[in-house]
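# Observations on the three-dimensional arrangement
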Amino acid sequence: MRNLKIGLLVALCILTVFLCGIFAYGMAGHNIYRAFWSGYNDRDYVGMHLVLEKEVPIDGIDSISVSYSMNGNDIFLYEGQGDMLVIKEYNEAELSESELSTVSANGSKLEIKGKRRSSRSIRAGFFHFGYGGGYTEVWLPASYRGELALATSSGDITSEMDLVLERDLMAASTSGEITMPDITASNVSLASTSGNVRIENIETDRNGTAGDINIATTSGDITVQHVDGNAAFSSTSGNAKIMEGSGERSVSTSSGDIMIDGADGFWKIHSTSGEVWVKGQNDNGSIETTSGDVSLEIVELSGTLDVNTSSGSVNMKLSQDSAFDFSADTASGDINTFFDDDLHFSKRGNSAQGIHGQNPQGNSIRIGTTSGDVRIMKD
């Protein structure tokens with residue numbers, strides 16, 4: 001009996017260490033499902049071989065759909081030569097004809113569709129045995145300007161070429177990541193459930209008309225280095241990092257952090273428990289959080305800035321030359337500004353109103369917090 005207890009204790013310790021390792025791996029931003037159960041670890045593609053290759057003339061085609069929702073292939077976009085679109089499909093297993101992707105053209109529309117497969121190779125992974133799969137290369141002529149739609153279930157979507165389209169771009173994956181360099185399109189829609197979305201540059205402002213940009217994830221992070229156009233970003237538990245550019249910004253997360261750096265324009269930000277950082281040139285907008293802190297650094301205020309948080313603090317850095325109407329209210333926090341002499345404080349010091357500088361433009365700052373402090377420093 002004593003040996004049995006010792007054995008159970010050792011097993012429990014091993015299980016505890018294993019679960020702690022999984023937790024730490026997930027907290028580091030890795031996709032636990034894909035790393036431990038899906039059969040893929042960092043997508044090494046060992047043992048893949050070409051199972052399908054087709055060429056399709058692109059002349060007269062203005063809409064291309066690539067769909068792998070039935071088998072989860074990774075999708076890679078490469079810049080092709082001439083006016084022929086080339087599709088290359090790779091897999092670990094020898095696929096039957098009925099399991100190969102279909103390539104069909106109907107008028108101006110071209111569809112590449114992955115089939116459901118029964119032939120799968122089994123491969124070993126870290127703490128698991130899983131099913132292998134495949135990937136598809138799409139060699140797209142640089143001259144193509146039509147609509148492009150990409151979809152896969154558990155696969156990644158990666159573009160190795162800049163996309164310059166005169167119509168819409170759409171990309172969606174369930175658990176895979178979406179990674180692209182420069183995107184120019186009329187409208188852009190990107191979505192992943194548990195995968196990250198990483199984009200270098202997005203532009204939809206063509207011929208003086210700004211298109212719509214929508215990027216959404218559930219638990220994945222969103223990172224965009226530069227964006228021109230009206231953009232909406234949303235994530236449940238992932239972080240959102242939006243860098244330089246111009247146009248309206250709408251960013252929302254539940255528990256993820258939000259960072260906007262180098263923006264020029266109006267922004268609307270909502271976060272439940274995540275923190276918010278904003279650094280801009282010529283900005284105005286609104287921020288609402290429940291328990292997250294708010295940090296702002298604005299070179300020139302142009303319009304109205306509304307900040308509301310329940311238990312978070314608000315820290316702001318402004319140019320001393322800025323001019324604006326000001327009001328701040330906090331239930332249990334303190335209010336400290338570099339222009340205290342321009343303000344009228346309540347007896348308790350938790351409410352302040354006033355005007356800083358000459359303000360013919362009618363700029364205004366309104367801050368409300370329940371238990372957080374308000375601090376405004378000069379840049």
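In the block above lies the structure referred to throughout.
Now for a description of the structure that goes with this document. (Residues numbered from 1 in each chain as written. Predicted model: local features only at pLDDT ≥ 70, side-chain atom pairs only at ≥ 80, totals over all residues. Heavy atoms only, no water.)

### Quick notes on the overall build of the protein
The number of helices and strands found in the protein is two helices and 34 strands. Counting all 379 residues of the protein, 45% fall into the buried class. In the protein, the share of contacts with a sequence separation of at least 24, taken over all contacts with a separation of at least 6, comes to 44%. Total accessible area on the protein stands at roughly 18,200 Å², and carbon and sulfur atoms take up 49% of it. (Helix = DSSP H or I, 4+ residues; strand = E, 2+ residues; numbered from the N terminus. Buried < 20%, exposed > 50% of the residue type's maximum accessible area, 1.4 Å probe, protein only. Contact = heavy atoms within 4.5 Å. Areas by Shrake-Rupley, 256 points an atom, 1.4 Å probe, with all protein chains shown as cover.)

### Considerations on the nonpolar core
The biggest cluster of nonpolar side chains holds 71 residues, and the ones touching the most others in it are I64, M180, L296, F326 and I367. Broken down by element, this core gets its largest block of residues, six residues, from strand 27 (residues 294–309). Contacts of M180, omitting those with residues within four sequence positions, involve L150, I157, S159, L163, L169, A171, R198, I199 and E200. (Core = buried A, V, L, I, M, F, W, Y, C linked by side-chain atoms within 4.5 Å.)

### Some remarks on the pairing of strand 5 (residues 102–106)
With five bridges connecting them, strand 5 and strand 6 (residues 109–113) associate as antiparallel partners. What sits directly across from A105, in strand 6, is L110. Taken together, strand 5 and the strand that follows it, strand 6, pair antiparallel across an intervening segment of two residues, in which G107 is found at a positive phi of about 70°. (Pairing = 2+ DSSP bridges.)

### Re the pairing of strand 3 (residues 74–80)
Counted residue by residue, strand 3 has five buried out of seven residues, so it is predominantly covered. Alignment of strand 3 against strand 9 (residues 134–141), held across seven bridges, turns out to be parallel. Within strand 9, the position partnered with G80 by the bridge is P141. Alignment of strand 3 against strand 11 (residues 157–159), held across three bridges, turns out to be parallel. For F76, the partnering residue across the bridge sits in strand 11 and is T158.

### Things to note about the pattern of salt bridges
Considering all chains together, one arrives at four salt bridges under this definition. A salt bridge links R198 to E177, with the nearest nitrogen and oxygen atoms 2.9 Å apart. Highlighted residues: R198 in strand 16 (residues 197–203) and E177 in the loop between strand 13 (169–173) and strand 14 (178–184), separated in sequence by 21 residues. Judged by relative accessible area, R198 falls into the partly exposed class, the value being 38%. Overall, E177 belongs to the partly exposed group, its relative accessible area being 23%. Residue D306 pairs with R366 through a salt bridge whose shortest N-O separation is 2.8 Å. Linking D306 in strand 27 with R366 in strand 33 (residues 364–369), this pair joins segments that are 60 residues apart in sequence. Since its relative accessible area comes to 40%, R366 is described here as partly exposed. (Salt bridge = Lys/Arg side-chain N within 4 Å of Asp/Glu carboxyl O.)

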